[in-house]
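Summary of the model geometry
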Amino acid sequence: MSTSERNFARRIDLTSLQLFVAVCELGSIGRAAEREFIAASAISKRLSDLEATLGTTLLYRHARGVDLSPAGESLLHHARSVLYSLEKMQGELSEYAEGVRGHVRVHANISAIVQFLPEDLGAFTREHDAIKIDLEEHLSNEVVRAVQEGAADLGICHIPDGTNELQTLPYRHDRLVLIVPAGHPLATQGSIDFTASLDFDHVGLHTNSSIYVAMHQAAVEAGRSVKLRIHVTGLDAMCRMIDNGLGIGVMPQRAFELLQAGIGSRLCSVALNDAWSNREIRLVARDFSTLPVAARTLVNHLHTPAATHDVAEPIAA
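Bear in mind that the values here come from a model prediction, so they are computed numbers and not experimental data.

1. Observations regarding the side chain of Arg172
Among the structural elements, Arg172 can be located in strand β6 (residues 167-181). A distance of 3.1 Å separates the side chain of Arg172 from the side chain of Asp120, its partner in a polar contact.

In structure tokens:
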């Protein structure tokens, strides 16, 4: 390494790089300050110092937030690479730590959180009380993006197309069913094709959710459309809307069984014949082998086959 290269490396502050990446991911100095627990003025000063060190503008500041300059785009790519290398180093060195400690950032979709994670994470924390788990609920595509960008150590979701750069392991299977009021014309059917439900109003999740995307695609292939009467943000809200006559809806069967206790027999589920109704929930990481020990311990717990798990051999996407 030349003298100029050594001097350049000494002038670059890793904390400033981390804050720069946070600002880029959130599009705002203010939001980055809230997430990183640091004053916005301190972030702004570090970014200005970073620009002065590099001798170029990295961000265009405006009233709504910030936009990346061409130089900023280049730095973001390299900064993520540097920070990822540091994570790998931490993962390797943490093998020498005494005991397993730390925290794991987990992003998961609503299906995993409602159906499986309460019991699985509860069992994990009873065995590893020194490991803190930060769990956030997001749509599956947002979970994948968070893992790609380093905002989450581990993702748990249905895998959308185009995630070949990530590694995945099987976690659970779930099955989608149609939820209808007990007196509904479809309630007496043992099973139906999803297209049979398209004559009726639907209560649906967010249009970017994996469930809605599958429903929409099935309707398009049949030359139909989903009569979406109302959007809701959670499965419990969907059940309440259906219970009050606002439509019918699609949700995971086990989630419905867990929620049914508060509804009684007023709602019932109808099996769907469609292949897309059988889904796999997977664990997602950039590289499982380089995760810190705490995160790998959690992965081993969630991936361990048990009587209640329906898993296959691990694959790397």
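So that's the structure; there's more coming.
2. Looking at the side chain of Asp174
Residue placement: Asp174 occurs in strand β6. For Asp174, a relative accessible area of 5% corresponds to the buried category. A polar contact of 3.2 Å, which involves the side chain of Asp174, links it to the side chain of Gln115.

3. Details of the pairing of strand β12 (residues 278-285)
Within a regular strand, side chains alternate between the sheet's two faces. Burial of β12 is extensive: six of the eight residues sit out of reach of the surface. Pairing of strand β5 (residues 154-157) with β12 involves three bridges; the strand directions are antiparallel. Its bridge partner lying in β12, Ile156 is registered against Leu283. Summarising the sheet, β6 and β12 pair through eight bridges and their orientation is antiparallel. When the bridges of β12 are listed, Pro170 appears paired with Arg282.

4. Some points on helix α10 (residues 235-243)
All of the buried residues in α10 are Leu235, Met238, Cys239 and Ile242. The buried residues of α10 occupy one face: seen down the axis, they fall within an arc of 100°. The inward-facing, buried residues of α10 contact α6 (110-115), β6, β8 (202-204), β10 (249-252), α11 (253-259) and β11 (267-272).

5. Considering the nonpolar core
Leu178, Phe194 and Val250 are the most contacted members of the largest nonpolar core, which totals 32 residues. For this core, the elements supplying multiple residues, two or more each, are β6, α9 (210-221), α10, β10, α11 and β11. Looking at which element gives the most residues to this core, the answer is β6, with five residues. Setting aside its immediate chain neighbours within four residues, Phe194 contacts His202, Met215, Ala218, Val226, Val250, Leu272, Asp274 and Trp276. Core analysis: the second largest hydrophobic core is formed by 25 residues, Ile113, Leu169, Leu291 and Leu302 among them.

6. Digging into the packing of helix α2 (residues 14-26) against helix α4 (residues 40-54)
Running from amino to carboxyl end, α2 crosses α4 at an angle of 110°, the nearest separation of the two axes being 10 Å. Classified by the angle between their axes, α2 and α4 sit roughly perpendicular to one another. Of α4, the residues touching α2 (which contributes Thr15, Ser16, Leu17, Leu19, Phe20 and Val23) are Ile43, Arg46, Leu47 and Leu50. Partitioning the contact of α2 with α4 into residue classes produces seven nonpolar, two polar and one charged.

7. Observations concerning the packing of aromatic side chains
This model, assessed by the stated rule, comprises two aromatic pairs. When the centroid spacing of 6.2 Å and the interplanar angle of 90° are considered together, the rings of Phe116 and Tyr171 count as edge-to-face. Here Phe116, found in the loop between α6 and α7 (117-127), pairs with Tyr171, found in strand β6; they are 55 residues apart in sequence, far enough to count as distant. The burial state of Phe116 is the same as that of Tyr171; both residues are buried. Pairing Phe194 with Trp276 gives two aromatic rings, centres 5.4 Å apart and planes at 75°, and the pair type is edge-to-face.

8. As for the pairing of strand β3 (residues 102-108)
Of the strand pairs in this sheet, β3 and strand β4 (residues 131-137) are connected by seven bridges, and their pairing is parallel. Bridge pairing in β4 links His103 to Lys132. One ladder, built from three bridges, connects β3 with β5; its direction is parallel. Opposite Val106, over in β5, you have Leu154 as the bridge partner.

9. What to know about unusual backbone geometry
Even without being glycine, Phe37 reaches a positive phi, approximately 55°. For Phe37, the position within the fold is in the loop between α3 (29-36) and α4. Given the relative accessible area of 78%, Phe37 is considered exposed.

Scoring rules and cut-offs
Residues numbered from 1 in each chain as written. Predicted model: local features only at pLDDT ≥ 70, side-chain atom pairs only at ≥ 80, totals over all residues. Heavy atoms only, no water. Helix = DSSP H or I, 4+ residues; strand = E, 2+ residues; numbered from the N terminus. Polar contact = N/O pair within 3.5 Å; in protein donor to acceptor, adjacent residues only side chain to side chain. Buried < 20%, exposed > 50% of the residue type's maximum accessible area, 1.4 Å probe, protein only. Pairing = 2+ DSSP bridges. Arc of directions from axis to C-beta. Contact = heavy atoms within 4.5 Å. Core = buried A, V, L, I, M, F, W, Y, C linked by side-chain atoms within 4.5 Å. Axes fitted to C-alpha atoms, helices over the stretch in contact; angles between N-to-C directions. Parallel < 35°, antiparallel > 145°, perpendicular 65-115°, else oblique. Nonpolar A, V, L, I, M, F, W, Y, C, P; charged D, E, K, R; others polar. Phe/Tyr/Trp six-rings, centres within 6.5 Å; stacked < 30°, edge-to-face > 60°.

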